[in-house]
There are 2 protein chains.
Amino acid sequence: MEVMTPEHEWREDCAPRRVLELFSTKWTSMILHTLHSRHSGAARTGVLQRSLPGISKKMLVQTLRDMEASGLLTRHVESVVPPAVEYRLTPLGARFVGLVELVYGWGRDHADALDQLQQRATSRRRNP
Amino acid sequence: MEVMTPEHEWREDCAPRRVLELFSTKWTSMILHTLHSRHSGAARTGVLQRSLPGISKKMLVQTLRDMEASGLLTRHVESVVPPAVEYRLTPLGARFVGLVELVYGWGRDHADALDQLQQRATSRRRNP
DNA sequence: CTGTATCCGCCGCGATACTG
DNA sequence: CAGTATCGCGGCGGATACAG
């Protein structure tokens, strides 16, 4: 039976790997989750920044731009002073955030089992 | 209503973020998926390497070591010549791979919508 | 308030060569 | 077959200062 599995593709540019890349960009999932957590599905820059403790302005804007280019969200500028910019989930983004919520929930369900993962990051640095 | 949301935590060391880190390690999910795709839930080093086109021996071993430390899989050494090593999903790994399969399936379902994501990586490099 | 422009350290990851 | 040891680069991401 194992002889039948063509070892699954995992080609460099296959769809599943592109999804994984979405997850591997540090702030993408958290931004989507924040947008999703608001009933409007939208949020202004400042709200996003405050919801993501530790993110720098640079990374916030850069990640938002990338996400816009990826079609995960849209950017709406209110031409007023001071400027007001709102980010909103696209249909694709709304579908993807479903996955993010699954990951989020899984993490909460396995919080205790995940505690030991902390030793991982440190073990390699201590033991060259 | 929005005043009630405490902006969700996203603390540096919260469980969901640790799950995201699991996903952000380039090869982790693919290794788990390969193990899961075999009825035995186990595979030898060579099998894993062949199932992951492009991975280097170094990254394969390094990632496997990290995953072992994280409790996602176990390593069994057959003391024979030439050596035979088998990696096997742990209960935690088996539960996590469920999430991975969800991501994998989502990617296949949205393959066409994901095609435009390719332009993302290139657009920033072209337009400084 | 939102966004841009630099500078720069860290480390993830790959290439290569060598060992038992 | 499985694993270790080096070397090196690209780029993610943080700090800081400036601008409309």
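An unreviewed UniProt entry annotates chain A as HxlR family transcriptional regulator of Cereibacter changlensis.

A few words on the nonpolar core. Of all hydrophobic cores here, the largest spans 68 residues; its most connected members are F23, I31 and F96 of chain A together with F23, I31 and F96 of chain B. Not counting the four nearest positions on each side in its chain, F96 of chain A is found in contact with V19, L22, F23, L32 and L72 of chain A together with W106 of chain B.

In this section: the packing of aromatic side chains. Throughout the structure, instances matching the rule amount to seven aromatic pairs over all chains. When the centroid spacing of 5.2 Å and the interplanar angle of 25 degrees are considered together, the rings of F23 of chain A and F23 of chain B count as stacked. Within this pair, whereas F23 of chain A is found in helix α1 (residues 15-24), its partner F23 of chain B is found in helix α1 (residues 15-24), the two belonging to separate chains. Taking 5.3 Å as the distance between ring centres and 65 degrees as the angle between the ring planes, the aromatic pair formed by F96 of chain A and W106 of chain B counts as edge-to-face. Of this pair, F96 of chain A sits in helix α5 (residues 91-109) while W106 of chain B sits in helix α5 (residues 91-109), each in a different chain. With respect to burial, F96 of chain A and W106 of chain B carry one shared label: buried. Joined through ring pairs, the aromatic side chains of F23, F96 and W106 of chain A together with F23, F96 and W106 of chain B make up one cluster.

This paragraph deals with the relation of the copies chain A and chain B. Between chain A and chain B, which share one sequence, the superposing operator has a rotation angle of 180 degrees and an axial displacement of 0.0 Å; the RMSD is 0.0 Å. The superposition operator between the copies reduces to a two-fold rotation axis. No C-alpha of chain A lies nearer the rotation axis than that of S24 of chain A, which sits 1.9 Å from it. A shared binding surface is used by both copies, with 100% of the interface residues of chain A retained as interface residues in chain B.

Facing 57 residues of chain A, the contacting portion of chain B comprises 57 residues. Interface area, chain A with chain B, both sides summed: about 5700 Å², of which 62% is carbon and sulfur. Seen at the junction of chain A and chain B, the total is zero salt bridges. Breaking the side of chain A that touches chain B down by element, the ones donating at least two residues are α1, α2 (28-37), α3 (45-51), α4 (57-70), α5, α6 (111-114) and α7 (118-126) of chain A. Counted by class, the side of chain A that touches chain B contains 24 nonpolar, 18 polar and 15 charged residues.

Along helix α2 (residues 28-37) of chain B, eight of the 10 residues are buried, which leaves the element largely enclosed by surrounding structure. Along α2 of chain B, the residues classified as buried are T28, S29, M30, I31, L32, H33, T34 and L35 of chain B.

Right, let's talk about the sheet that holds strand β2 (residues 73-78) of chain A for a bit. All names here are of chain A. The three strands lie next to each other as β1-β3-β2, forming an open sheet whose pairing is antiparallel. Two strands close off the open sheet at either side, each with one partner strand: β1 (42-44) and β2. Sheet twist, expressed as the mean angle between neighbouring strand axes with direction ignored, is 25 degrees. Judged from the three bridges that link them, β1 and strand β3 (residues 84-89) form a sheet pairing that is antiparallel. By the bridge assignment, A43 is partnered in β3 with Y87. In this fold α4 packs onto β2 and β3, with an angle of close to 115 degrees to the strand it touches most, β2.

What follows covers the side chain of T90 of chain A. Tracing the backbone through its elements, the reader meets T90 of chain A in the loop between β3 and α5. The residues contacting T90 of chain A, other than those within four sequence positions of it, are G71, L72, L73 and T74 of chain A.

With that settled, the discussion passes to the UniProt feature "domain: HTH hxlR-type" (unreviewed entry) in chain A. The positions UniProt marks with the feature "domain: HTH hxlR-type" (unreviewed entry) are residues 14-115 of chain A. Taken as a whole, residues 14-115 of chain A contains 63% helix and 15% strand, while its terminal C-alpha atoms sit 32 Å from one another.

Thresholds, definitions, all that
Each chain has its residues counted from 1, running along the sequence as written. All chains are assigned letters beginning at A, and all ligands numbers beginning at 1, according to the order in which they are written. In keeping with the model being predicted, local features are shown solely for residues with a pLDDT of at least 70 and side-chain atom pairs are shown and tallied solely at 80 or more, while totals for entire chains, interfaces and linings include all residues. Each side-chain value is derived from all of the structure's non-hydrogen atoms; neither hydrogens nor water enter the calculation. Residues belong to a common nonpolar core when they are buried Ala, Val, Leu, Ile, Met, Phe, Trp, Tyr or Cys residues joined through side-chain atoms within 4.5 Å. Three exposure classes are used, based on accessible area relative to the maximum for each residue type with a 1.4 Å probe and protein chains only: buried under 20%, partly exposed in between, and exposed over 50%. Working rule for contacts: check all heavy atoms of both residues, and any pair within 4.5 Å makes them a contact. Here is the rule: rings of Phe, Tyr and Trp (six-membered ring for Trp) pair when centre to centre is within 6.5 Å. Planes less than 30 degrees apart are stacked, more than 60 are edge-to-face, and the remainder are tilted. Runs of E in the DSSP output that reach at least two residues are strands. Runs of H or I that reach at least four are helices, and both are numbered from the N terminus. Residues below a pLDDT of 70 in either copy are left out; the C-alpha atoms of the rest, at least 70 in both, set the least-squares superposition of the copies. Accessible area that two parts lose when put together, with a 1.4 Å probe and added across both, is what the buried area reports. A pairing counts as a salt bridge when a side-chain nitrogen of Lys or Arg comes within 4 Å of a carboxyl oxygen of Asp or Glu. Side-chain classes follow a simple rule in which Ala, Val, Leu, Ile, Met, Phe, Trp, Tyr, Cys and Pro form the nonpolar group, Asp, Glu, Lys and Arg form the charged group, and the remainder, Gly included, forms the polar group. Strand pairing is assigned whenever DSSP detects at least two bridges linking the two strands. Only the contacting stretch of a helix is used when fitting its axis, a line to C-alpha atoms as for every element, and angles between N-to-C directions run 0 to 180 degrees. UniProt positions are given in the numbering used here, feature names are shortened, and annotations may be inferred rather than shown by experiment.

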